[in-house]
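Examining the three-dimensional arrangement
Given next are the chains, with one letter for each unit.
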Amino acid sequence: MAKVATGTTSLGSKSGVRIVVAGDRGTGKSSLMVTAATDNFPVNVPPVLPPTRLPEDFYPDRIPVTIIDTSSRVEDSGKVAEELKRADAVVLTYACDKPETLDRLSTFWLPELRRLEVKVPVIVVGCKLDLRDESQQVSLEQVMSPIMQQFREIETCIECSAFKHIQIPEVFYYAQKAVLHPTGPLFDQESQTLKPRCVRALKRIFILCDHDRDGALSDAELNDFQVKCFNAPLQPSEIVGVKRVVEEKLPGGGATDRGVNERGLTLTGFLFLHALFIEKGRLETTWTVLRKFGYNNDIKLADELIPTFKRAPDQSVELTNETIEFLKGIYELFDSDYDNNLRPVELEDIFSTAPESPWDEAPYKDAAEKTALGGLSVSAFLCEWALMTLLDPSRALENLIYIGYPGDPSAAVRITRRRRLDRKKQQSERNVFQCFVFGPENAGKSALLNSFTGRRFVDTSPSTTGENYAVNVVDLPGLGIKKTLILREIPEDGVKKLLSNKESLAPCDIAVFVHDSSDESSWRRATELLVEVASHGEDTGYEVPCLIVAAKDDLNSFPMAIQESTRVSQDMGIEAPIPISSKMGDTNNIFRRIVNAAEHPHLSIPETEAGRSRKQYHRLINRSLMFVSVGAAVAIVGLAAYRVYATRKNTSG
């Protein structure tokens, strides 16, 4: 069973809740379980009970609860750890008459759960309430508040007595509720506010229910929302009552802080209502709303709502023209001053209905060209989408859904033809090309990527430790065609790991090999990398067109550079190195040349000595087979002719 904490289950697919009870010896674990299951206090209980299942109708959600007892013996700690890792919720017990067992929660049990990486709700239960010394009149809140501050995973604390039948059903009700309707993802207890991801999800739901897009839910829209989520309409008096509560709490002096306006319930009021439900312990209300709109326990759309694609390793995914037009419309809608400069705050607004902005981290952060004002042009905006669709199609579709894509998400993209077929057809139909950029350290790879996205040259840029991406549009002159090019920088120390995967070159449309034209050792290492990559392509069948780039052309070339480069390019059957100088801004049309080479995938494919020998061997074998076939055909024809001759001779005789 998948754990709710991972966000892989929702209420609709949850078949049962597994609650593991743990704690020190003698804290009342087994008595608690038996009394909950049988409604009778046990006189004698075994050291460890077998799994105990509460009936489906025990609680209103009608989700069966299975309670797992654990041993207190040190020698059974390994088994206890395994049970805890499989839990949907953990009940930790202490004895109200033994303060040292309460101390053990914060000194052993709670740290142990963290060590085991058990990330599920924890219910702390004080058992044997009837045995507590009445002279110690300390409230549960006073006792537990410091512990709950330190261990945020504690969902609820409760005291009970199995002997006196005090709050026994409540223990497992709270545990089940913590699994099905957890507080953690929705509400920050410290600040007493809705968590950002919850706010973003509720904002998306509000927009989806605001059919006339006037920024408020009218009475009719509010009623539709109620029917969709709870299968029951609101009476007019109930709608009036809801709005009155909001108006009293959020009278608001401005246009944005009012909970209700003349058109209906505002987003501010909608969020306030959910915060109010949660504060009053009615988490199931907000969770019901979220799950009706497809959210899981991580406040993200459930996996089954996000299309996935089966494709060959050498096929890629691109946005359709219709999707690109939709994204252009989104850009225009949020570019409030129509200056073709989507500012960071405007970009954040676009993704304010997604769990978070997908481009805040690598590889998307800074991958596209920025405007002079630090924003994104419409072209750069579409480039970021092209990059995300290529690298992570499902995530791209998920974010399309979040920002309001109206159609079938699976129809928002297209899967390209296989590269092997492109080579046979001698033409690629792709609109987005991915170029792997290889080269030794300090060869000028990062400078090449920076020049592609318009970033200024830095003479002392630090060495790249991870993979970088750069994406931009390349105009093909005379054709009126634009292609999107993605450059992926492969660090020198990352080449071995990359090539350890048989399919690593499958997503590569073209590879370029950058070297420092003033440094002979840089050239030699670049050619070694070229041979490694070409050999890998020959061995796996994923051969790619290759170009050599002679960077730092503003410096003097190393001796014999021309002879060396001519020899290598002729030996391997590819174009001579293309000189560029990122420092001087002279890129020598390198990006157009990269796209041109990628568009003709049957050309510029390097051939190693081993690959050439292999081809000669196959040609020799094929030629031998052809001679054998011809010889066999001649023999068969001769035999047939002889049989005809023999038959005629016998007939005439």
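Values in this document were obtained by computation on a predicted structure and should not be read as measured data. (Residues numbered from 1 in each chain as written. Predicted model: local features only at pLDDT ≥ 70, side-chain atom pairs only at ≥ 80, totals over all residues. Heavy atoms only, no water.)

**Quick notes on the overall build of the protein**
Within the protein, the regular secondary structure consists of 21 helices and 19 strands. Across the 653 residues that make up the protein, the buried fraction comes to 47%. A separation of at least 24 residues holds for 71% of the contacts in the protein among residues at least 6 apart in sequence. Surface accessibility of the protein: about 32600 Å² in total, with carbon and sulfur atoms responsible for 52%. (Helix = DSSP H or I, 4+ residues; strand = E, 2+ residues; numbered from the N terminus. Buried < 20%, exposed > 50% of the residue type's maximum accessible area, 1.4 Å probe, protein only. Contact = heavy atoms within 4.5 Å. Areas by Shrake-Rupley, 256 points an atom, 1.4 Å probe, with all protein chains shown as cover.)

**Here's the deal with the nonpolar core**
Counting residues in hydrophobic clusters, the biggest one holds 73 residues, and the most contacted among them are I205, F381, W385 and L400. At nine residues, the largest contribution of residues to this core is made by helix α13 (residues 378-391). Once residues within four sequence positions are removed from consideration, F381 is found in contact with L327, I330, Y331, L342, L347, I350, W359 and L376. Judged by nonpolar contacts, the second largest core, of 28 residues, contains V21, A36, V91 and A178. (Core = buried A, V, L, I, M, F, W, Y, C linked by side-chain atoms within 4.5 Å.)

**Here's the deal with the state of the cysteines**
In a disulfide, the sulfur atoms of two cysteines are held together by a covalent bond. The final tally for this structure, using the stated rule, is zero disulfides. Cysteine C508 shares no disulfide, and the gap to the nearest cysteine sulfur, in C435, comes to 6.6 Å. Residue classification places C508 among the buried residues on the basis of a relative accessible area of 0%. (Disulfide = S-S within 2.5 Å.)

**Some words on the sheet that holds strand β11 (residues 264-266)**
Read from one edge of the open sheet, three strands run β9-β11-β10, paired in antiparallel fashion. Taken across any chain shown, the strands that pair with only one partner, and hence form the sheet edges, are β9 (216-217) and β10 (260-261). Bridge count between β9 and β11: two bridges; the pairing is antiparallel. By the bridge assignment, L217 is partnered in β11 with L265. (Pairing = 2+ DSSP bridges.)

**Some remarks on the packing of aromatic side chains**
Applying the stated criterion to the full structure yields 15 aromatic pairs. Summarising the aromatic geometry, the rings of F108 and W109 are spaced 4.9 Å apart at their centres and angled 75° between planes, so their arrangement reads as edge-to-face. Relative accessible area serves as the criterion here: at 29%, F108 is assigned to the partly exposed category. Between the aromatic rings of W359 and W385, the centroid separation amounts to 5.7 Å while the plane-to-plane angle is 75°, which identifies the pairing as edge-to-face. Pair noted here: W359 is in the loop between α12 (344-350) and α13 and W385 is in helix α13, with a separation of 26 residues, a long-range link. Here the two residues W359 and W385 agree in accessibility, since each one is buried. Here the aromatic cluster, defined as three or more aromatic residues joined through ring pairs, consists of Y331, F351, W359, F381 and W385. Against the face of Y542 rests R420, its NZ or CZ located 4.7 Å from the ring centre. Just above the ring of F436 sits the side chain of R488; from NZ or CZ to the centre is 4.6 Å. (Phe/Tyr/Trp six-rings, centres within 6.5 Å; stacked < 30°, edge-to-face > 60°. Lys NZ or Arg CZ within 6 Å of the ring centre and 35° of its normal.)

**Concerning the pattern of salt bridges**
Where side chains of opposite charge bring their charged atoms close, a pairing between them can arise. Summed over all chains, the structure comprises 40 salt bridges. In this structure, R104 engages D24 in a salt bridge whose closest nitrogen and oxygen atoms are separated by 2.9 Å. Pair noted here: R104 is in helix α3 (residues 99-115) and D24 is in the loop between β1 (17-23) and α1 (29-38), with a separation of 80 residues, a long-range link. Owing to a relative accessible area of 32%, R104 belongs among the partly exposed residues under this scheme. For R417, the salt bridge identified is with D422, shortest N-O distance 2.7 Å. Classification of D422 by relative accessible area gives buried; the value is 2%. (Salt bridge = Lys/Arg side-chain N within 4 Å of Asp/Glu carboxyl O.)

**Description of the packing of helix α8 (residues 236-249) against helix α9 (residues 267-279)**
Two measures define how a pair of helices packs: the angle their axes make with one another and the distance between the axes. Packing of α8 against α9 leaves a shortest axis separation of 10 Å and a crossing angle of 95°. What the angle tells us is that α8 and α9 run roughly perpendicular. From α8, V242, V245, V246 and K249 reach across to α9, where they touch G269, F272, L273 and L276. When its residues are assigned to classes, the contact of α8 with α9 shows six nonpolar, one polar and one charged. (Axes fitted to C-alpha atoms, helices over the stretch in contact; angles between N-to-C directions. Parallel < 35°, antiparallel > 145°, perpendicular 65-115°, else oblique. Nonpolar A, V, L, I, M, F, W, Y, C, P; charged D, E, K, R; others polar.)

**Thoughts on the packing of α1 against helix α5 (residues 168-180)**
Across the interface, α1 lies against α5 with an axial gap of 9 Å and an inter-helix angle of 95°. By the angle class used here, α1 and α5 are roughly perpendicular. Residues L32, M33, T35 and A36 of α1 form the contact with α5, whose own contacting residues are I168, V171 and F172. Tallied by class, residues from the contact of α1 with α5 come to six nonpolar, one polar and no charged.

**With respect to the sheet that holds β1**
Strand order across the open sheet formed by six strands is β2-β3-β1-β4-β5-β6, with mixed pairing between neighbours. Of all the strands in the sheet, just β2 (52-54) and β6 (154-159) have a single pairing partner and so form its edges. Each adjacent strand pair in this sheet contributes to an overall mean axis angle of 25°, direction not counted. Relative to strand β5 (residues 122-127), strand β4 (residues 89-95) runs parallel, the two being bridged by six bridges. Across the sheet, the residue bridging to Y94 is G126, located in β5.

**So, the environment of F108**
By the secondary structure assignment, F108 is in helix α3. A C-alpha to C-alpha distance of 9.7 Å links F108 and G23, two positions 85 residues apart in sequence.

**So, helix α2 (residues 77-85)**
Since there are 3.6 residues in each turn of an α-helix, residues three or four apart along the chain are aligned in direction. Where α2 is concerned, the buried positions are V80, A81, E83 and L84. All buried residues of α2 project into a common sector of 165° when viewed along the axis, lining one side. Against the buried residues of α2 lie β1, β3 (65-68), β4 and α3. (Arc of directions from axis to C-beta.)

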